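# Coordinate inspection notes
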Amino acid sequence: MYFAWLRERIGKSSEELTPPAEVDTPRALIGWLRTRGPGYEAAFSDERPVRCAVDQEFQPLDAPLGTPEEIGFFPPVTGG
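This text gives an overview of the structure that appears in the document. What you see is a predicted model, and the numbers here were worked out from it, not measured in a lab. (Residues numbered from 1 in each chain as written. Predicted model: local features only at pLDDT ≥ 70, side-chain atom pairs only at ≥ 80, totals over all residues. Heavy atoms only, no water.)

### Some words on the overall build of the protein chain
We count it as follows: Segments assigned H or I by DSSP are reported as helices when at least four residues long, segments assigned E as strands when at least two residues long, and all are numbered from the N terminus. Both definitions apply: the radius of gyration is a C-alpha atom measure, and the globule rule equals 2.2 Å times residues to the power 0.38. Per-residue accessibility, obtained with a 1.4 Å probe over protein chains only, is compared with the maximum for each type, and a residue is labelled buried under 20%, exposed over 50%, and partly exposed between these values. Working rule for contacts: check all heavy atoms of both residues, and any pair within 4.5 Å makes them a contact. All accessible areas in this document rest on Shrake-Rupley with a 1.4 Å probe, and a residue is counted as covered only by the protein chains that are shown. Only four residue types enter the charge count: Lys and Arg as positive, Asp and Glu as negative, with His and the chain ends excluded. The atom standing in for a charge is NZ when the residue is Lys, CZ when it is Arg, CG when it is Asp and CD when it is Glu.
Looking only at helices and strands, one finds 3 helices and 3 strands in the protein chain. Ordered by position from the N terminus, the helices and strands of the protein chain form the series α-α-α-β-β-β. Relative to the globule expectation of 12 Å for 80 residues, the C-alpha radius of gyration of the protein chain, 12 Å, shows essentially globular dimensions. When the backbone C-alpha atoms are referred to their principal axes, the protein chain occupies close to 35 × 30 × 20 Å. The buried share of the protein chain, reckoned over its 80 residues, is 34%. Here the contacts in the protein chain between residues at least 6 apart in sequence split such that 51% fall between residues at least 24 apart. Carbon and sulfur atoms form 50% of the exposed surface of the protein chain, whose accessible area is close to 5,100 Å². With 8 positive and 13 negative side-chain charges, the protein chain shows a spacing of 9 Å between the two charge centroids.

### Overview of the pattern of salt bridges
Note the following rule: Salt bridge, as applied in this entry: a Lys or Arg side-chain nitrogen positioned within 4 Å of an Asp or Glu carboxyl oxygen.
In this structure the tally under the stated criterion is 6 salt bridges. Across the salt bridge formed by Lys12 and Glu15, the nearest N and O atoms sit 3.4 Å from each other. Note on Glu15: relative accessible area 22%, which makes it partly exposed. A single network of salt bridges, built from pairs that share partners, joins Arg27, Arg34, Glu47 and Asp62.

### Details of helix H2 (residues 26–34)
Residue pairs three or four apart in sequence face the same way in an α-helix, which turns once every 3.6 residues. Which entries qualify depends on this criterion: Directions from the helix axis toward the C-beta atoms define the arc.
Those residues of H2 that fall on the buried side of the exposure criterion are Pro26, Leu29, Ile30, Trp32 and Leu33. Here the buried residues of H2 occupy an arc of 165 degrees about the axis, which is enough to place them on one side. Against the buried residues of H2 lie helix H3 (38–43), strand S1 (51–54) and strand S3 (71–74).

What follows is the structure, given as structure tokens:
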């Protein structure tokens with residue numbers, strides 16, 4: 001799932017994917033997604049502000065993915 005400006009750059013809010021077995025962290029998934037086209041490259045050109053939730057729980061980009069049902073990428077959440 002993609003939220004906010006990530007969704008806008010990629011052009012979709014979600015999709016079902018089966019990445020290669022070596023994609024074992026959110027960071028590796030971002031790297032793989034970048035290869036899928038210019039929208040993905042634009043969305044993930046700077047991964048520093050990107051946050052990730054794996055099965056609706058915040059995770060660092062270097063956390064093991066395991067076999068999640070859902071992965072979400074979004075910009076930092078601000079309150080107000």
